[in-house]
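Chains, contacts and geometry: an overview
Here is how the chains run, residue by residue.
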Amino acid sequence: MGSLLIRERYKVVRVIALEPDYALLEAVDISERETPSCLLNLYEGQLLHRYARICTGIKKEDCPAFRGMFLEQGTLVAAFDRGSGEGIDSLFYRGDRWEWRDRLEYAEFMLHRALSFANLPPEVGCAALLSENVLFDLPNRRVNTRWMLKPMEDMNPRETALLAADQVRKILPPSVKAGPEEQRFLDQLAGGEFPNVVALYGRWREARAAILAEREAFEEKNFIRRGLILLGRTIRRSVGRGGLG
């Protein structure tokens, strides 16, 4: 079987996802000298007109990875640069060993990435924040996106913020070492209090300095004092009232 060539430009390398009226293909752009990899989202049937309208709302300044969209023999194709990195679920999980400073840094990267989706259609921003699309480029200390825009129904800015909060909660899991401000922020994430990613990022910028100060102050205390603080926090959180710390 010969290679599939779309628009005499994109040579298909593999099929990543295949669903009714949707597919995601990895391809190389043979029109460019270095033939960089890219991702092609294909929509047909009832999805075609809906995603034509959605993708029309993607501006290059808001999404530099967007290569554009076109019709190919009755199929809508939305092309994006291919992101790289390790999936968030393979890096941040129960029992992982990240230091708290690294967690704060990567939470910042994650939320800054989510903020960059603020002006994108919610169906695009929400899809980009699914776990399978959140990629961490550890050597360059950044968060990238795999632009697999699977069909999503009834998305809105609040849903974008909820998905971003879910990813941050993986990076900043509950911890007895979390001080009052950190715990307050974690509770807000869990409670879904943010109407959009702009509000979420704004709250994080308010909380980050206080969280950093709490963590540093805890580290400076001696072994006995740290133990008492942890005991007090454990009691306070279990009974819902004040304690040491």
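Read on for a plain summary of the structure. This structure is a prediction, so every number in the text was calculated from the model and none was measured.

Along the backbone of the protein chain there are eight helices and nine strands. Across the 245 residues that make up the protein chain, the buried fraction comes to 44%. Within the protein chain, counting contacts between residues at least 6 apart in sequence, those at least 24 apart form 60% of the total.

We now examine the pairing of strand 9 (residues 142–145). By the bridge criterion, four bridges tie strand 8 (residues 134–137) to strand 9 in an arrangement that is antiparallel. Bridge pairing links Asp 137 to Arg 142 in strand 9. The hairpin formed by strand 8 and strand 9 contains four residues between the paired strands, and Arg 141 there has a positive phi angle of roughly 50°.

Moving on to the sheet that holds strand 9. Taken in spatial order, the three strands of this open sheet run 7-8-9, and their pairing is antiparallel. What marks the edges here is a single partner per strand, and that holds for strand 7 (86–87) and strand 9. As paired elements, strand 7 and strand 8 share two bridges and run antiparallel to each other. What sits directly across from Glu 86, in strand 8, is Phe 136.

All right, on to the nonpolar core then. Counting 59 residues, the largest nonpolar core has Phe 136, Trp 147, Phe 185 and Trp 204 as its most contacted members. Residue contributions to this core peak at seven residues, all from helix 3 (residues 100–115). Phe 185 has contacts with Leu 111, Val 168, Leu 172, Arg 203, Trp 204, Ala 207 and Ile 211, leaving out every residue within four places of it along the chain. By size, the runner-up hydrophobic cluster in this structure holds 12 residues, among which are Ile 6, Tyr 10, Val 12 and Ala 23.

Moving on, we get to the side chain of Arg 215. Looking at the secondary structure, you find Arg 215 in helix 7 (residues 197–220). Among the residues examined, Arg 215 registers a relative accessible area of 10% and is labelled buried. Setting aside residues no more than four positions away along its own chain, Arg 215 makes contact with Trp 100, Ser 175, Lys 177, Ala 178 and Glu 182.

In a regular helix each residue adds 1.5 Å, so 15 residues correspond to 21 Å; helix 5 (residues 157–171) covers 22 Å between its end C-alpha atoms and thus fits that length. Along helix 5, the residues that are buried comprise Thr 160, Ala 161, Leu 163, Ala 164, Ala 165, Gln 167, Val 168 and Ile 171. The N-terminus of helix 5 is capped by Asn 156, whose side-chain oxygen sits 3.0 Å from the backbone nitrogen of Arg 158.

Bringing the pattern of salt bridges into the picture now. In this structure the tally under the stated criterion is 19 salt bridges. Glu 19 is the salt-bridge partner of Lys 150, the closest N and O atoms lying 3.6 Å from each other. Of this pair, Lys 150 sits in the loop between strand 9 and helix 5 while Glu 19 sits in strand 2 (residues 10–19), and the two are 131 residues apart along the sequence. By relative accessible area, Lys 150 is classed as partly exposed at 21%. For Glu 19, a relative accessible area of 33% gives the class partly exposed.

Moving on to unusual backbone geometry. Leave glycine aside and you will find that most residues have negative phi; peptide bonds, for their part, are mostly trans. Look at Asp 21: it is not a glycine, yet its phi comes out positive at around 65°. Topologically, Asp 21 is positioned in the loop between strand 2 and strand 3 (22–29). Residue classification places Asp 21 among the partly exposed positions, given a relative accessible area of 34%. The phi dihedral of Asp 154 falls on the positive side, at around 55°, and the residue is not glycine. Residue placement: Asp 154 occurs in the loop between strand 9 and helix 5. Taking relative accessible area as the criterion, Asp 154 reaches 67% and is therefore assigned exposed.

What counts and how
Residues numbered from 1 in each chain as written. Predicted model: local features only at pLDDT ≥ 70, side-chain atom pairs only at ≥ 80, totals over all residues. Heavy atoms only, no water. Helix = DSSP H or I, 4+ residues; strand = E, 2+ residues; numbered from the N terminus. Buried < 20%, exposed > 50% of the residue type's maximum accessible area, 1.4 Å probe, protein only. Contact = heavy atoms within 4.5 Å. Pairing = 2+ DSSP bridges. Core = buried A, V, L, I, M, F, W, Y, C linked by side-chain atoms within 4.5 Å. Expected span 1.5 Å × (residues − 1). Polar contact = N/O pair within 3.5 Å; in protein donor to acceptor, adjacent residues only side chain to side chain. Salt bridge = Lys/Arg side-chain N within 4 Å of Asp/Glu carboxyl O.

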